[in-house]
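Structure assessment
If you want the building blocks of each chain, they are given just below.
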Amino acid sequence: TLSGGGERQTELALVTVPAGASLILRPSFLAAVIEGPGERLSVRRHWHWGRLAWVTGTFRYFEFTGPCQLVVGGGRGVRAERIVAGPEGEASGRRINRGATIAFSPELRCRPVRAETFWAYYRGMNPLFDDLFTGTGVLVAQEAVPEAPAGGGRRRGAATLGRPYWLRARWGRIRGRHKNFSGL
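This report concerns the structure included in the present document. (Residues numbered from 1 in each chain as written. Predicted model: local features only at pLDDT ≥ 70, side-chain atom pairs only at ≥ 80, totals over all residues. Heavy atoms only, no water.)

Here we take up the sheet that holds strand 10 (residues 109-114). Read from one edge of the open sheet, three strands run 8-11-10, paired in antiparallel fashion. Single-partner strands in this sheet number two, and they are strand 8 (93-97) and strand 10. Averaged over all adjacent pairs, the angle separating strand axes in this sheet is 30°, with direction ignored. Direction of pairing for strand 10 relative to strand 11 (residues 129-134): antiparallel, over a ladder of six bridges. When the sheet's bridge partners are listed, Cys110 is paired in strand 11 with Phe133. (Pairing = 2+ DSSP bridges. Helix = DSSP H or I, 4+ residues; strand = E, 2+ residues; numbered from the N terminus. Axes fitted to C-alpha atoms, helices over the stretch in contact; angles between N-to-C directions.)

Given below as structure tokens:
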């Protein structure tokens, strides 16, 4: 049984990454990784050192290559959106609150853009930057960004779940191996 660790608004979802596909995931949302028998998890790190990486504090992404299943947590649920390019390759995009982004397919281009209102950031209600996704691919996001805890300070994403097991142990040592996984 999986739960949100005492946070009432955190819900877990199972994301299946098929063979040959991959998903770029923000690690704070990961609760568990499930592999089938005889399968080996492949995780690649991507480092970004540009000006926007320094401004937003986002230097590293993890890319999970299938086949595998990822258990992710999000505030009030998790949704997946398909983003498609406009007709004749016309650029179209999806802008989303930076704290709501859980994962996206590597075919999408993700870049930070300044949030529309500064005062929401100043009051601690929203991050200063949003994520803008362009191209064709899949975006996985949480329905609602959890509010700041009463003691002050913002908690981002499913950090309310606590650190995932694979971060506590040496990389790749603890993995869930279940043939029949159901219940999510």
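Okay, the side chain of Asp130 next. With respect to the element layout, Asp130 can be found in strand 11. Excluding residues that lie within four positions of it along the chain, Asp130 makes contacts with Arg95, Ile96, Asn97, Arg98, Arg111, Pro112, Val113, Ala115 and Glu116. (Contact = heavy atoms within 4.5 Å.)

Right, let's get into the nonpolar core. Counting residues in hydrophobic clusters, the biggest one holds 17 residues, and the most contacted among them are Leu25, Phe64, Leu70, Val72 and Ile102. Residue assignment for this core shows that the elements contributing at least two residues are strand 1 (10-17), strand 2 (22-25), strand 3 (30-35), strand 5 (60-65), strand 6 (68-75) and strand 9 (101-104). Non-local contacts of Ile102, meaning those with residues more than four positions away in its chain, are made with Ile24, Leu25, Arg26, Phe29, Val72, Gly73, Gly74, Val78, Val140, Ala141 and Gln142. One finds Phe104, Leu108, Phe133 and Leu139 within the second-largest nonpolar core, a separate group that totals 10 residues. (Core = buried A, V, L, I, M, F, W, Y, C linked by side-chain atoms within 4.5 Å. Buried < 20%, exposed > 50% of the residue type's maximum accessible area, 1.4 Å probe, protein only.)

Before going further, it helps to examine the pattern of salt bridges. A full pass over the atoms with the stated rule returns seven salt bridges. Here Arg79 ties to Glu81 by a salt bridge, and the two come within 2.8 Å at their closest N and O atoms. Since its relative accessible area comes to 22%, Arg79 is described here as partly exposed. For Glu81, a relative accessible area of 18% corresponds to the buried category. One connected set of salt bridges, linked through shared partners, spans Arg79, Glu81, Arg94 and Glu143. (Salt bridge = Lys/Arg side-chain N within 4 Å of Asp/Glu carboxyl O.)

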